[in-house]
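Residues per chain, in single letters:
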Amino acid sequence: MQAVFFMMKMILTGLVLAFLANSVNASDFFLITGSVPRSATGGKIFRMDPSTFDSSSIGFSTQLYLPVAVDFDTVDQMIYWTEVGSEKRIQRSSLNGNGVVTVLHGGNDSVFDGLAVDPKSRQIFYTDTGRDRIGTVTIDTLTHRTIINSSLDEPRAIVLNTGSSVMFWTDWGEAPKIERANYDGSDRRTLVNTGLIAPNALALDVPNNRLYWVDSGTDKVETCDLEGHGRTDLLHAASRYTFFGLTLYQNSLYITDWGKDGTYTYSSQLVRMKLDGKREARVVATLNPGRLNDIHAYSGSQSCRLTKAGWTGTTAVVAVFIAILIN
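From a predicted model like this one, the values you see are computed outputs, not experimental measurements.

Student: Kindly report on the overall build of the protein chain, identifying the contributing residues and their values.
Tutor: For the protein chain, the count of helices and strands is 2 helices and 26 strands. Of all 327 residues assigned to the protein chain, the portion counted as buried reaches 52%. For the protein chain, the proportion of contacts with a sequence separation of at least 24, taken over those separated by at least 6, is 41%. Of the accessible surface of the protein chain, which amounts to about 14,800 Å², a share of 52% is contributed by carbon and sulfur atoms.

Student: Would you mind going over the sheet that holds strand E13 (residues 166–171) in detail, with residue names and values included?
Tutor: Spatial strand order, E12-E13-E14-E15: 4 strands in an open sheet with antiparallel pairing. With one partner strand each, in any of the chains shown, strand E12 (155–161) and strand E15 (189–192) form the two edges of the open sheet. Across the sheet, the mean angle separating the axes of adjacent strands is 25 degrees when strand polarity is ignored. Here E12 pairs with E13 via 5 bridges, running antiparallel.

Student: Before we move on, can you summarise the pattern of salt bridges with the specific residues and values?
Tutor: Tallied over the entire structure, the rule returns 13 salt bridges. We note a salt bridge from Arg 122 to Asp 140, for which the minimum N-O separation is 3.8 Å. You can see Arg 122 sitting in the loop between strand E8 (112–118) and strand E9 (123–128) and its partner Asp 140 sitting in the loop between strand E10 (133–138) and strand E11 (144–148), a full 18 residues away along the chain. We classify Asp 140 as exposed; its relative accessible area is 57%. Lys 177 serves as the salt-bridge partner of Glu 179, at 3.7 Å between the closest nitrogen and oxygen. For the pair shown, Glu 179 and Lys 177 are each scored as buried. Here the residues in one salt-bridge network are Asp 73, Asp 76, Arg 122 and Asp 140, joined through shared partners.

Student: Give me the sheet that holds strand E22 (residues 268–274): which residues, what numbers.
Tutor: With antiparallel pairing, 4 strands are arranged side by side in an open sheet as E20-E21-E22-E23. A single partner strand is all that each edge strand has here, and the edge strands are strand E20 (243–249) and strand E23 (281–287). Averaged over all adjacent pairs, the angle separating strand axes in this sheet is 25 degrees, with direction ignored. Pairing of strand E21 (residues 252–257) with E22 involves 6 bridges; the strand directions are antiparallel. From the neighbouring strand, Asp 257 faces E22, where its bridge partner is Gln 269.

Student: For the side chain of Ser 93, give the residues involved together with the corresponding values.
Tutor: In this structure, Ser 93 sits in strand E6 (residues 88–94). Among residues more than four places away in sequence, those in contact with Ser 93 are Phe 60, Gln 77, Met 78, Ile 79, Trp 81, Asn 98, Gly 99 and Val 100.

Student: Quick rundown of the packing of aromatic side chains? Include the residues and the values.
Tutor: The tally for this structure, following the rule as stated, stands at 12 aromatic pairs. Note on Tyr 241 and Phe 243: the rings are 5.4 Å apart at their centroids and 25 degrees apart in plane angle, and the pair reads as stacked. Each member of the pair, Tyr 241 together with Phe 243, is buried. Each residue in the set Phe 30, Phe 53, Tyr 249 and Tyr 254 is aromatic and connected to the rest through ring pairs, giving one cluster. The cationic tip of Arg 47 hangs over the ring face of Phe 29; the distance from NZ or CZ to the ring centre is 4.4 Å. Note that Arg 291 overlies the ring of Trp 258, its terminal NZ or CZ placed 3.9 Å from the centroid.

Student: Outline the environment of Ser 239, listing residues and values.
Tutor: Tracing the sequence through the fold places Ser 239 in the loop between strand E19 (232–236) and E20. On a C-alpha basis, the gap between Ser 239 and Ser 216 in space is 8.9 Å, while along the polypeptide they are 23 residues apart.

Student: Which residues make up the nonpolar core, and what are the values?
Tutor: A general tendency of soluble globular proteins is for nonpolar side chains to be buried together. Counting residues in hydrophobic clusters, the biggest one holds 15 residues, and the most contacted among them are Val 214, Val 221, Phe 243, Leu 246 and Leu 253. Elements that contribute at least two residues to this core include exactly strand E16 (199–205), strand E17 (210–215), E19, E20, E21 and E22. Filtering out sequence-adjacent residues up to four positions away, Val 214 remains in contact with Ala 198, Pro 199, Asn 200, Ala 201, Lys 220, Val 221, Phe 243, Phe 244, Leu 246 and Ile 255.

Calculation criteria
Residues numbered from 1 in each chain as written. Predicted model: local features only at pLDDT ≥ 70, side-chain atom pairs only at ≥ 80, totals over all residues. Heavy atoms only, no water. Helix = DSSP H or I, 4+ residues; strand = E, 2+ residues; numbered from the N terminus. Buried < 20%, exposed > 50% of the residue type's maximum accessible area, 1.4 Å probe, protein only. Contact = heavy atoms within 4.5 Å. Areas by Shrake-Rupley, 256 points an atom, 1.4 Å probe, with all protein chains shown as cover. Pairing = 2+ DSSP bridges. Axes fitted to C-alpha atoms, helices over the stretch in contact; angles between N-to-C directions. Salt bridge = Lys/Arg side-chain N within 4 Å of Asp/Glu carboxyl O. Phe/Tyr/Trp six-rings, centres within 6.5 Å; stacked < 30°, edge-to-face > 60°. Lys NZ or Arg CZ within 6 Å of the ring centre and 35° of its normal. Core = buried A, V, L, I, M, F, W, Y, C linked by side-chain atoms within 4.5 Å.

Laid out in structure tokens, this is it:
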């Protein structure tokens, strides 16, 4: 009888663990901006399932033109993106595309290439490569402030360490570099300023103290620690790709690729590179015709999320049930 009971406990435990694994990732998604080459309209933002790579275009209540950077506010569940075509602005909407609001209007020479949201401090950070500046907008009041407007040439990507209030950004001007500074612009430091041509995108892994970037000029994926030390080549694509956007999800880098066709009518691809030591890149999704620009990964939900502090919501209940089963 004890053997039967033990077997039943093992089966139930396996079923619950399978449910737990699926539940943790049930709300995960990618947001990817897309545009049509040589077209002033037809821009889209896609929501993609990272487990199947199935995607759908979000139906916005207004026309999108040339969306580039994208991020997500986990508190208000709002999408933020930049427009760099004839409409120079930063916008936001709900996840289903309703309630589009312009957060910041740019000048005629503005090019909002980079965007990052800090849900905790309620701030949006952006790069403006047209006006050579980095600025911030408060989410709740939409108050704008310029943070850095000196010694910038072509500021591009920007990411945030929200725990320490530090921003990292790339500059692909005449002297390409990767820099960091506090949110207020203080303690500005150059992390990398050699061997770069067009550092397009950044991804941050704070728990493992790593900063990743892709360079469409060198065709490389590289990494260093958050102080700029331990620089390592992860992949040299040898002119196979034109890397643009980058995000980190479940120990893999996901990179948008414009390809090497040269006609600007090619398919655009999403490439995955696992950080398992093999350093192999594989195409996992294709948009045809069109161009995939920025990508942002969102993991977890308010009701079921695995965090460093522990399990929350439904996950915690399941964890307690498992503990009862195996005791």
